Amino acid sequence: MSDNEQSHPNAAASMSNSNCGDALPPVGQHTRQYETVRNAHETELIEDYVELIGDLIRHRGEARAADIANRMGVSQATVSKMIRRLNELGLVTSRPYRSLFLTEEGQKMAEISRKRHDIVLHFLRALGVNDTTARIDAEGMEHHVSDETLTIMQGFIDQHAKR
């Protein structure tokens, strides 16, 4: 053991961690990691609302604020605020006391979000995660997974299905 390792007992553990890639990444990479997470946090709630609106329209023929509030477990006032925001972003159209409709841009976002969600959900199920847990975990993970990882997850799902 070197003098440095003797004076700092955790130094050996740190050095072995750096050998296996678990040490702190280079500053630029670390910055990109946190930036990616911040960007995902900014858009995940918007994507969740748009995805749910799309699902409600597809499965029930309409999306109402009351249904969104009920399914998301939030107040109708919270949903109303988000609908105003989605309207300002050009993702939905709405009229008082009427159903919500996705704009073309909103439909694209809903489709992308649904596809990402489905890949993560099916991947977790393929790993053996029970359905309830997989659904809960997929709801958060879908926003934080890169396209590269999604592609690999889809490949795993495809290979697993062939067995």
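Residue numbering note: each chain is counted from 1, following its sequence as written. In view of the model being predicted, local features appear only for residues whose pLDDT reaches at least 70, and side-chain atom pairs are presented and counted only at 80 or more, with totals across whole chains, interfaces and linings using the full set of residues. In computing side-chain values, all of the structure's heavy atoms are included and hydrogens and water are not.

1. A short note on the overall build of the protein chain
- A count of helices and strands for the protein chain gives eight helices and two strands.
- Helix and strand definitions here come from DSSP, where helices need a minimum of 4 consecutive H or I residues and strands a minimum of 2 consecutive E residues; each element is numbered from the N-terminal end. Ordered by position in the sequence, the α and β elements of the protein chain form the string α-α-α-α-α-β-β-α-α-α.
- Relative accessibility decides the category of a residue: with a 1.4 Å probe and only protein chains considered, values under 20% of the type maximum give buried, values over 50% give exposed, and everything between is partly exposed. Looking at the protein chain as a whole, 30% of its 163 residues are labelled buried.
- The contact definition used throughout considers only heavy atoms, calling two residues in contact when any of these lie within 4.5 Å. Long-range pairs, those at least 24 residues apart, make up 51% of the contacts in the protein chain between residues at least 6 apart in sequence.
- Surface exposure here means Shrake-Rupley accessible area, sampled with a 1.4 Å probe, where a residue is shielded only by the protein chains that are shown. As displayed, the protein chain has an accessible area near 11100 Å², and 52% of this comes from carbon and sulfur atoms.

2. What about the environment of Glu111?
- Structurally, the position occupied by Glu111 is in helix 6 (residues 104–126).
- For Glu111, a relative accessible area of 57% gives the class exposed.
- Separated by 60 residues in sequence, Glu111 and Glu51 place their C-alpha atoms 7.3 Å apart.

3. Topic: the side chain of Arg114
- Inspection of the secondary structure puts Arg114 in helix 6.
- Whenever two N or O atoms come within 3.5 Å, that pair is a polar contact, provided that in protein one can donate a hydrogen and the other can accept it, and provided that, for residues adjacent in sequence, both atoms are side-chain atoms. Side chain to side chain, Arg114 and Asp55 meet in a polar contact 2.3 Å long.
- With residues up to four places along the chain from it excluded, the contact list for Arg114 reads Glu51, Asp55 and Arg58.

4. Concerning helix 5 (residues 76–88)
- Given a helix with a known number of residues, its expected span is that number minus one, times 1.5 Å. Taking 1.5 Å per residue as the helical rise, helix 5 with its 13 residues ought to reach 18 Å, and the 18 Å between its terminal C-alpha atoms agrees with that figure.
- Phi turns positive, to about 75°, at Gly90, one or two residues after helix 5.

5. Brief notes about the confidence of the model for the protein chain
- pLDDT expresses how confident the predictor is about each individual residue, on a scale running from 0 to 100. Scored by pLDDT, the protein chain has a mean of 85; 83% of the residues are at 70 or more.
- Note on residues 1–19: pLDDT is under 50 here. Beyond four places in sequence and across chains, it has eight contacts.

6. Regarding the nonpolar core
- Think of a nonpolar core as a cluster: buried Ala, Val, Leu, Ile, Met, Phe, Trp, Tyr and Cys residues, connected wherever their side-chain atoms sit within 4.5 Å. Ranked by internal contacts, the top residues of the largest apolar core, which has 18 residues, are Val50, Ile53, Ile68 and Leu86.
- Secondary-structure elements contributing two or more residues to this core are helix 3 (27–60), helix 4 (65–72) and helix 5.
- Not counting the four nearest positions on each side in its chain, Ile53 is found in contact with Ala63, Ile68, Leu86, Val92, Leu100 and Leu102.
- Core analysis: the next-biggest nonpolar cluster, separate from the first, contains 11 residues, Phe123, Leu124, Leu150 and Ile157 among them.

7. Description of the layout of surface pockets
- Two kinds of site are reported from a 1 Å grid over the protein atoms alone, namely cavities, where a 1.4 Å probe fits but cannot get out, and pockets, open sets with protein on both sides within 12 Å along at least five of seven lines, and residues are called lining when an atom falls within 4 Å of a point. Grid points are joined across faces, edges and corners, and a volume is the space filled by probe spheres set on the points. Put simply, the largest pocket is a space of about 450 Å³.
- Around the largest pocket, the lining comprises 14 residues; the ones closest to its centre are Leu52, Asp55, Arg71, Arg114 and Glu139.
- When residues of the lining of the largest pocket are traced back to their parent elements, those giving at least two are helix 3, helix 4, helix 6 and helix 7 (131–141).
- Of the residues belonging to the lining of the largest pocket, the class tally is four nonpolar, two polar and eight charged.
- Of the pockets and cavities examined, the second largest pocket occupies roughly 310 Å³.
- Contributing to the lining of the second largest pocket are Arg64, Ala65, Ala66, Ser80, Ile83, Arg84, Ser94, Arg95, Pro96, Tyr97, Arg98 and Leu100.
- Among the elements of the structure, helix 4 and helix 5 are those that each provide at least two residues to the lining of the second largest pocket. Here the nonpolar group is Ala, Val, Leu, Ile, Met, Phe, Trp, Tyr, Cys and Pro; Asp, Glu, Lys and Arg are the charged ones; every other residue, Gly included, is treated as polar.

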